[in-house]
Amino acid sequence: MNRWKRLGFLSMLIWLTGCTAFQTSNELHKGRGALLGGTPDAAVTHFTQVTALNGNARYSQLQEGAWTYLGRAYYDAKKYPQAHQALERAVAINGDDSFARLYLGLTLARQGDYETGRKEVLLGLKGLYDSLHYIAYNTSTGMYWDATGQIRTELQATQSDVQAANPNLDPLFARLETLGIRIEQEI
């Protein structure tokens, strides 16, 4: 009898895990749709659900996580303190999350910390370039990622401009934000 209870418990655990994974994926996709559709407050709601279900969830080969998406949604909603907090958490979970670094840098600059913001933006741009380059040349789906190389070219050019900005990013905000959206659409 004890054996059947264990099997029942194990079956229930597997079922709940599957439901949680489905719900996480569903909320992540809804949040991305809202983010790309220009409704960041709706995206915040979805990404808050994702972080509650699985804060370590990742989306694509670029490895951006649930906390990164939540931070980006807060950033787009112009809620910079919340964006800062979520993006710091994203970087703490995965230091190689280049999207988190890019948007953390933008958030810091929006909050007046231009030098640290510029450093984070540069780390994000370099990491995104390296990741796209790796994906394009070393994965089976690489032929579909930035097939013309335009995004990688823009990433390199933007890195040069950010380094020259020394350290004021104000004239580059729109360009950096547009670049982030282009990469997200590429995914």
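Residues numbered from 1 in each chain as written. Predicted model: local features only at pLDDT ≥ 70, side-chain atom pairs only at ≥ 80, totals over all residues. Heavy atoms only, no water.

(A) Seen up close, helix α5 (residues 98–110). Look at α5: 18 Å from first C-alpha to last across 13 residues, which is about the 18 Å you get at 1.5 Å a residue. Taken across its 13 residues, α5 has twelve buried, putting it largely inside the fold. Buried residues belonging to α5 abut α3 (66–76), α4 (80–93), α6 (114–138) and α8 (173–186). The N-cap of α5, judged by a side-chain oxygen 3.3 Å from the amide nitrogen of Phe99 a few residues on, is Asp97. Looking one or two residues past α5, Gly112 carries a phi angle of roughly 100 degrees, positive in sign. (Helix = DSSP H or I, 4+ residues; strand = E, 2+ residues; numbered from the N terminus. Expected span 1.5 Å × (residues − 1). Buried < 20%, exposed > 50% of the residue type's maximum accessible area, 1.4 Å probe, protein only. Contact = heavy atoms within 4.5 Å. Polar contact = N/O pair within 3.5 Å; in protein donor to acceptor, adjacent residues only side chain to side chain.)

(B) Summary view of the pattern of salt bridges. Taken as a whole and judged by the stated rule, the model has ten salt bridges. Among the salt bridges present, the one from Asp130 reaches Lys126, with a minimum N-O distance of 2.9 Å. Of this pair, Asp130 and Lys126 both sit in helix α6, four residues apart, which is roughly one turn of the helix. Notably, a salt bridge pairs Asp161 with Arg175, separated by 2.1 Å at the nearest N-O pair. Here Asp161, found in helix α7 (residues 150–165), pairs with Arg175, found in helix α8; they are 14 residues apart in sequence, far enough to count as distant. (Salt bridge = Lys/Arg side-chain N within 4 Å of Asp/Glu carboxyl O.)

(C) Here's a closer look at α3. When you tally the buried positions in α3, you get ten out of eleven residues, the bulk of the element. Those residues of α3 not exposed but buried are Ala66, Trp67, Thr68, Tyr69, Leu70, Gly71, Arg72, Ala73, Tyr74 and Tyr75. Following α3 by one or two positions, Lys78 has its phi on the positive side, about 65 degrees.

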